2 protein chains.
Amino acid sequence: MLKISKKADYALMALQHIALVQFGDVTPGRVVNTKEIAEEYNIPLELLAKVLQALSKNGMIESHNGPKGGYLLARNASHITIAQILESIEGPLGLTDCSHEKDGDFCMQREHCNIRTPLLKVQDSIYQLLNSMTLQDMMGGTPLITIQSPSTQGVDR
Amino acid sequence: MLKISKKADYALMALQHIALVQFGDVTPGRVVNTKEIAEEYNIPLELLAKVLQALSKNGMIESHNGPKGGYLLARNASHITIAQILESIEGPLGLTDCSHEKDGDFCMQREHCNIRTPLLKVQDSIYQLLNSMTLQDMMGGTPLITIQSPSTQGVDR
DNA sequence: CTTGAGTCCGACTTATTTGATCGGAGATCA
DNA sequence: TGATCTCCGATCAAATAAGTCGGACTCAAG
Ligand code: FES
Ligand code: FES
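Basis of the calculations
- Residues numbered from 1 in each chain as written.
- Chains lettered and ligands numbered in written order.
- Predicted model: local features only at pLDDT ≥ 70, side-chain atom pairs only at ≥ 80, totals over all residues.
- Heavy atoms only, no water.
- Helix = DSSP H or I, 4+ residues; strand = E, 2+ residues; numbered from the N terminus.
- Contact = heavy atoms within 4.5 Å.
- Areas by Shrake-Rupley, 256 points an atom, 1.4 Å probe, with all protein chains shown as cover.
- pLDDT = per-residue confidence, 0-100.
- Near = heavy atom within 4 Å.
- Polar contact = N/O pair within 3.5 Å; in protein donor to acceptor, adjacent residues only side chain to side chain.
- Nonpolar A, V, L, I, M, F, W, Y, C, P; charged D, E, K, R; others polar.
- Buried < 20%, exposed > 50% of the residue type's maximum accessible area, 1.4 Å probe, protein only.
- Pairing = 2+ DSSP bridges.
- Expected span 1.5 Å × (residues − 1).
- Axes fitted to C-alpha atoms, helices over the stretch in contact; angles between N-to-C directions.
- Parallel < 35°, antiparallel > 145°, perpendicular 65-115°, else oblique.
- Left-handed = near helix turned anticlockwise from the far one by under 90°.
- Salt bridge = Lys/Arg side-chain N within 4 Å of Asp/Glu carboxyl O.

Trainee: Give me the lowdown on the overall build of chain A, citing residues and values where you can.
Mentor: Counting its regular elements, chain A contains 6 helices and 3 strands. Secondary structure of chain A in N-to-C order comes out as α-α-α-β-β-α-α-α-β. At a minimum sequence separation of 6, the contacts of chain A that also span at least 24 residues come to 60%. Carbon together with sulfur atoms contributes 51% to the accessible area of chain A, which is approximately 8,000 Å² in total.

Following this line, the structure appears as C-alpha cells:
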C-alpha cells in the first residue's frame, strides 16, 4: 500500500545521479544526458526521457538542447525536497479522492463522512515528512527524521 | 500521489461507524450489518461486504451470521491503528516494489541503486505515523501527531 | 424439525490507471 | 549543411482497482 509509481522512482534515481555528478565529482559543469542514466540504472530510455521532461517542466532541472546537451540541476540539492520531486511526477499529495476540495467536486460520502478531518491531518503530517527531506539528505546518509506522537513518545528510529 | 484505495477508505468509514455504535451509544451490544453502513455512507453494498470480510479475516472485527447477524469490533478501538486497518485491505506498506526483499525478488536497479536506504527510512517514518494513530483517536478529535526533523525544528503543526 | 430470511464468501467482469513505446519536430554544435 | 541530441505529442499494452454476480452457510422463528 501507499506505493509510489515507478516513474517517481526513476525520477529520484535520476536526480540523485545528476546531483552526484554535479557535486561530488571533479567535473562541476558537466551535463548528463538521458542515455547515461538509463544505462547506469537499467531504466527504459524513452520512459526516463518522459520523466526528465516532466521534471524540467516543473523547474527541478534545466535542459540543454543539441549535441553535448543534457540536464543540469536547477538549484542546490539542499533546496530540492522529496515532496517537490514526487509532486512533479505524480499529482499533488492526496490520500483520498476528495482531499482537495474543488468546486462541485463532491464526494458521495461527504455529508456523513467521519474520516475526512483526521485523514487530512495524517496527510499533512506525511507531507511535512516528505518536504523536510532534501536531495542532499538522500545523498550523504545524513539526517534521520524522527517522529513524535503521544503514543510513541521516546521511541527513536 | 500516495493515494489509498477506495476499499481502504470504505474500511475506515465502516470501522469508525461500528466503533461509534458500539461505544458512544447506549446500545453497547448491538451488532451492525453491512446494509446499514452501505446506506448510511452511499457505498456499493457488495463491495463493502468484501471489505468487511477482509477486515474480519484479519481479526479487526468479528462476524456473526444468520438473521440479526452483523459485525462487531474485535478489540478496543484504542488498540486498532490506522496502519493495521490499511494493511488488512491493501498489502503491507511499501513505497517501492522492492521494499520487502524476498528471495530471488531482485530489482533490476538493485546493484547501483542509490535511493533504497533513504527511502526505507522515509517508509519507516510513515509507518510509525500511521501506527501511532488509532481508531479511538480518529473518533474523538483527540491528539495531533507532530513531526520533528532537522530542517523543520520547532515548526508545530 | 423445517423453513426461510439474512448473512458470509469466493469467483467473475468491467473500468481506470500505470508502464512502456513510437515517430516526428526543433535546437545546437562541428 | 549535416549529424546528433533533446523535446513533445499521441499511441499501445499491461497491471491494478472498482464493482458485480451467484452460491454456501447460519441462525432463529414457527
Ligand atoms: S471520503 Fe469524501 S469527504 Fe470523506
Ligand atoms: S529501486 Fe529496487 S533496490 Fe532501489
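Trainee: Let's hear about the confidence of the model for chain A: which residues, and what values?
Mentor: Confidence along chain A averages 82 in pLDDT terms, with 81% of residues attaining 70 or more. Below pLDDT 50 for its whole length, residues 142-157 of chain A participates in 35 contacts with residues either more than four positions away or in separate chains.

Trainee: If you had to explain the protein's contact with DNA strand D to someone new, which residues and values would you point to?
Mentor: Close contacts around DNA strand D come from 21 residues, with Asn33(A), Gln53(A), Ser63(A), Tyr71(A) and Lys6(B) the closest. Here, DNA strand D places atoms within 4 Å of the protein, and 68% of those atoms are sugar or phosphate. Residue Asn65(A) places a side-chain N or O atom 3.4 Å away from a sugar or linking oxygen belonging to DNA strand D. At a separation of 2.7 Å, a phosphate oxygen of DNA strand D approaches a polar backbone atom of Lys6(B).

Trainee: So what about the protein's contact with DNA strand C? Which residues, and what values?
Mentor: Looking at DNA strand C, there are 21 residues lining it, with Lys6(A), Pro67(A), Asn33(B), Gln53(B) and Tyr71(B) nearest. Sugar plus phosphate: this is where 71% of the atoms of DNA strand C within 4 Å of the protein reside. One nitrogen or oxygen atom from the side chain of Asn65(A) is found 3.4 Å from a sugar or linking oxygen belonging to DNA strand C. Between a phosphate oxygen of DNA strand C and a side-chain N or O atom of Thr34(B), the distance comes to 3.2 Å. Contributions of two or more residues to the surface near DNA strand C are made by α1 (6-23) and α3 (45-57) of chain A together with α3 (45-57) of chain B. Examining the composition of the surface near DNA strand C, we find that 4 residues originate from one element, α3(B), more than from any other. Here the residues of the surface near DNA strand C are counted per class, giving 6 nonpolar, 9 polar and 6 charged.

Trainee: Describe the side chain of His17(B), with residues and values.
Mentor: Turning to its location among the elements, His17(B) is positioned in helix α1 (residues 6-23). Of the residues examined, His17(B) reaches a relative accessible area of 10% and is grouped as buried.

Trainee: Help me get a handle on the pairing of strand β1 (residues 61-64) of chain B, residues and values and all.
Mentor: Residue and element names in this part refer to chain B. Both β1 and strand β2 (residues 70-73) contribute to a ladder of 4 bridges, which runs antiparallel. Bridge pairing in β2 links Ile61 to Leu73. As consecutive antiparallel partners, β1 and β2 are separated by 5 residues, and within that stretch Gly66 has a phi angle of approximately 75 degrees, a positive value.

Trainee: Which residues make up the side chain of Gln123(A), and what values do they have?
Mentor: Along the chain, Gln123(A) falls in helix α5 (residues 116-131). Other than its neighbours up to four places away in sequence, Gln123(A) contacts Leu93(A), Gly94(A), Leu95(A), Ser99(A) and His100(A).

Trainee: So what's going on with the environment of Leu47(A)? Which residues, and what values?
Mentor: Residues and elements named next belong to chain A. In this fold, Leu47 is placed in helix α3. We classify Leu47 as partly exposed; its relative accessible area is 30%. When the C-alpha positions of Leu47 and Lys6 are compared, they lie 10.0 Å apart, and in sequence the two are 41 residues distant. Apart from residues no more than four positions distant in its own chain, Leu47 is found in contact with Lys7 and Tyr10.

Trainee: Outline α5(A), supporting the account with residue identities and numerical values.
Mentor: Spanning 16 residues, α5(A) covers 22 Å between terminal C-alpha atoms, matching the ideal 22 Å at 1.5 Å per step. Of the positions making up α5(A), those classed as buried are Arg116(A), Pro118(A), Leu119(A), Val122(A), Gln123(A), Ser125(A), Ile126(A), Gln128(A), Leu129(A) and Leu130(A).

Trainee: So what's going on with the packing of helix α2 (residues 34-41) of chain A against α3(A)? Which residues, and what values?
Mentor: All names here are of chain A. Closest axis-to-axis distance for the α2/α3 pair is 9 Å, and the angle between their directions is 125 degrees. Between α2 and α3, the angle is such that the two are oblique. Between α2 and α3 the crossing geometry is right-handed. Note on element contacts: α3 touches α2 through Leu45, Leu48, Ala49 and Leu52, opposite Thr34, Lys35, Ile37 and Ala38.

Trainee: Provide a residue-level description of the environment of Glu111(B), including the pertinent values.
Mentor: Following the sequence through the fold, Glu111(B) ends up in the loop between α4 (82-89) and α5 (116-131). Counting along the chain gives 80 residues from Glu111(B) to Val31(B), while the straight-line C-alpha distance between them is 53 Å.

Trainee: Go over the pattern of salt bridges, please, and point to the residues and values.
Mentor: Tallying each qualifying case throughout the model produces 5 salt bridges over all chains. When the shortest N-O distance is used, the salt bridge between Arg30(A) and Glu36(A) registers 2.9 Å.

Trainee: Before we move on, can you summarise unusual backbone geometry with the specific residues and values?
Mentor: The phi angle at Lys68(A) is positive, at roughly 65 degrees, despite the residue not being glycine. Tracing the backbone through its elements, the reader meets Lys68(A) in the loop between β1 (61-64) and β2 (70-73). Using a relative accessible area of 83% as the deciding quantity, one classes Lys68(A) as exposed. The backbone phi angle of Leu2(B) is positive, close to 55 degrees, even though this residue is not glycine. Looking at the element boundaries, Leu2(B) is found in the segment before α1.

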